[in-house]
Amino acid sequence: MDSKSKRIAKNTLFLYMRMLFLMVVTLFTSRVLLDKLGIEDFGIYNVVGGLAVMFIFFRSSLSNATQRFLNVALGKGDAAGAAQVFAQHFTLYAVVALLVIVVGETVGLWFVYDKLVIPADRLAAAVWVYQFTLVSLCSTLVGIVYDSTIIAHEDMNVYSYVGIFEGLAKLGIAYAISMSPFDRLTTYGLLLMFLALSIQCFYAFYCSRHYAECRVRLVWDKKLLKDTSSIVGWNTVGTAVYAVNDSGVNILLNLFFGPAVNAARAVSFQVSNAVNGFASNFFVSVRPQIVKSYASGDNEYLMKLFYNSSKFSFFLLWMFCLPLFFTINPILHLWLKQVPEYTDVFTIWILAYSLVNVLNNPVWAVALAVGRLKKYISVGSGVFLMVFPLAYAALKLGATPVAVFVIMFAVRLCYLVVVLNIIREYVDFSFRRYLVRVIRPVFLVVAVSSSAAFLLHYVLPQSLLSTFVFIAAAVVIAVMCVGFIGLSKAERGYCLDFIRKKLR
């Protein structure tokens, strides 16, 4: 158990280095893109690219299924089973990619031409961006088996290095479009497509050289396909609902308010994704261990991972959210030359949504490990699907675009309660232990650190220097509250010993 925890810590460190670098690069890239493309083209890219993503919602469900079956095989030490899983899933993904192209080139193109609100002089560029995005995502779809294999083997250093290269490449692309003699929006989509293809080629080469199971064969194993189809099928329902809520809400904002609001949403999501990546990367390190613990029957370690990863994921995200809640407006104006209207409010609500959402990651990992997704997906997705109709009703009644994000937050909170109740049927879970080990420390840390940060923000004068002082102080406040309130005595001692050893 100690060696497993050390491996999680090591992988988390690699992913944190990657995320810290990518956060800086991504935020700076967004500034450059918004400046070079302009608010209108930036909004067009966001909504058109989001539409293409909606048509490949299979990607997430297939990735979850592949990681699940590979982790189970590796957890049991079944090398032949892992090879069979790889070959079957590669075949399946190639078929799905062809189906995605068919749907994207028919239904997707019709929607771009006839339904989206895009200025007539930018429609041709929007269509080219859509085509490039579709190719990029289909190549990523076929390459899921390679991504999943790297994660299943917990080789996060490779994943980190490729992520750093991708961040630098995107920054270079953002600058390159200003020198292009062609349309900037079209050039941006084309270069991103080449980048996606290059990354997937590297993953394929690396996996074929380092992992015995990564041998491309066309396999159609009916039993494995049946088991896979069950996981993929219910995953697809869940991810389809997510796609409707994500891309669908983005389209609603476009239809009611135009591309400028899409640009504001895009910027706010850039901030949220950069911050949320820290908690997400921690969970990427934990998820293989959750599945392998269940496969090997180690239920004690499984539940320990479940409670601790829920709490730690929240704390990692909270350390970054706390200062942003109070300083988002000056940060946006410092970061961007043009700040689209509503960006500050959107960002605050999206970060609040992320704090609730991060608690769901361990719940989903346990359900995926068990493999019984029918009730989890059907009931949970039924709750989560309410975002789209409620958002549409609110906008139809004349609400501001902020109402959409308030609705997302409230529905996600209800969703968490529902799925927690469902997994009680699968594992040794109790609400009482969850309240004691997760919710109580989370609530105390949020309440105490927010109160201290509010008093500090109220006392400090309004200036650029004060903003940076407050950010540093708020992070210290959050860390201290987590250390002295959020962690148990044993956890605090373990962290201090770990830090001492690294300092020595």
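Residues numbered from 1 in each chain as written. Predicted model: local features only at pLDDT ≥ 70, side-chain atom pairs only at ≥ 80, totals over all residues. Heavy atoms only, no water.

### Concerning helix 7 (residues 184–210)
Part 1: Taking 1.5 Å of rise per residue, the 27 residues of helix 7 would be expected to cover 39 Å, and the 39 Å separating its terminal C-alpha atoms lies within 8% of that figure.
Part 2: The N-cap residue of helix 7 is D183: its side-chain oxygen and the backbone nitrogen of T186 are 3.0 Å apart. (Helix = DSSP H or I, 4+ residues; strand = E, 2+ residues; numbered from the N terminus. Expected span 1.5 Å × (residues − 1). Polar contact = N/O pair within 3.5 Å; in protein donor to acceptor, adjacent residues only side chain to side chain.)

### Considerations on helix 6 (residues 156–176)
Each α-helix winds once per 3.6 residues, and so residues spaced three or four apart point in a common direction.
Part 1: Taking 1.5 Å per residue as the helical rise, helix 6 with its 21 residues ought to reach 30 Å, and the 30 Å between its terminal C-alpha atoms agrees with that figure.
Part 2: Every buried residue of helix 6 is listed here: M156, V158, Y159, S160, V162, G163, G167, A169, L171, I173 and A174. (Buried < 20%, exposed > 50% of the residue type's maximum accessible area, 1.4 Å probe, protein only.)

### Digging into the confidence of the model for the protein chain
The predicted coordinates ought not to be read in detail in places where the model reports low pLDDT.
Part 1: Per-residue pLDDT for the protein chain has a mean of 79; in total, 82% of the residues score no lower than 70.
Part 2: For the protein chain, helix 1 (residues 2–54) is the element with the lowest average pLDDT, namely 65, and helix 16 (residues 431–459) is the one with the highest, namely 91. (pLDDT = per-residue confidence, 0-100.)

### Here's the deal with the pattern of salt bridges
Pairing is possible between side chains that carry opposite charge, provided their charged atoms lie close to one another.
Part 1: Across all of its chains, the model carries three salt bridges by this definition.
Part 2: Between K170 and E166 there is a salt bridge, with the nearest N and O atoms lying 3.4 Å from each other. Residue K170 and its partner E166 are located together in helix 6, separated by four residues, close to a single helical turn.
Part 3: When the shortest N-O distance is used, the salt bridge between E425 and K375 registers 2.5 Å. With E425 in the loop between helix 15 (402–423) and helix 16 and K375 in helix 13 (residues 374–384), the pair connects residues that are 50 residues apart, well separated along the chain.
Part 4: According to the relative accessible area criterion, E425 is partly exposed, its value standing at 45%.
Part 5: When its relative accessible area of 38% is taken as the criterion, K375 is described as partly exposed. (Salt bridge = Lys/Arg side-chain N within 4 Å of Asp/Glu carboxyl O.)

### What about the packing of helix 13 against helix 15?
Part 1: Between helix 13 and helix 15, the shortest axis-to-axis distance is 9 Å and the interhelical angle comes to 165°. Relative to helix 15, the element helix 13 is oriented roughly antiparallel. Judged by the sense of rotation from one axis to the other, the crossing of helix 13 with helix 15 is right-handed. Taking contact as the criterion, the partners of K375, Y376, V379, G380, S381, V383 and F384 in helix 13 are, on helix 15, V411, R412, C414, Y415, V418, V419, I422 and I423.
Part 2: Residue composition of the contact of helix 13 with helix 15, grouped by class: eleven nonpolar, two polar and two charged. (Axes fitted to C-alpha atoms, helices over the stretch in contact; angles between N-to-C directions. Parallel < 35°, antiparallel > 145°, perpendicular 65-115°, else oblique. Left-handed = near helix turned anticlockwise from the far one by under 90°. Contact = heavy atoms within 4.5 Å. Nonpolar A, V, L, I, M, F, W, Y, C, P; charged D, E, K, R; others polar.)

### A look at a nonpolar patch on the surface
Part 1: Nonpolar side chains collect at one region of the surface, where F443, L444, V448, V476, M480, F484 and I485 lie side by side and expose about 670 Å² of accessible area between them.
Part 2: The dominant element in the nonpolar patch, judged by the number of residues it contributes, is helix 17 (residues 464–486), at four residues.
Part 3: A relative accessible area of 30% means that I485 is categorised as partly exposed. (Patch = residues over 30% accessible without salt bridge, like charges linked within 9 Å, V, L, I, M, F, W, Y side chains within 5 Å. Areas by Shrake-Rupley, 256 points an atom, 1.4 Å probe, with all protein chains shown as cover.)

### Quick look at unusual backbone geometry
Part 1: A positive phi angle, near 80°, is found at Y342, a position not held by glycine.
Part 2: In this structure, Y342 sits in the loop between helix 10 (299–335) and helix 11 (343–357).
Part 3: Judged by its relative accessible area of 25%, Y342 falls in the partly exposed class.

### Comments concerning the nonpolar core
Part 1: Residues V48, F306, Y376 and F429 are the most contacted members of the largest nonpolar core, which totals 131 residues.
Part 2: Residue contributions to this core peak at 17 residues, all from helix 10.
Part 3: When neighbours within four sequence positions are excluded, F306 is seen to be in contact with P362, V363, V366, L420, I423, F429 and Y434.
Part 4: Grouped together as the second largest cluster of nonpolar side chains are six residues, F69, A73, A82 and A152 included. (Core = buried A, V, L, I, M, F, W, Y, C linked by side-chain atoms within 4.5 Å.)

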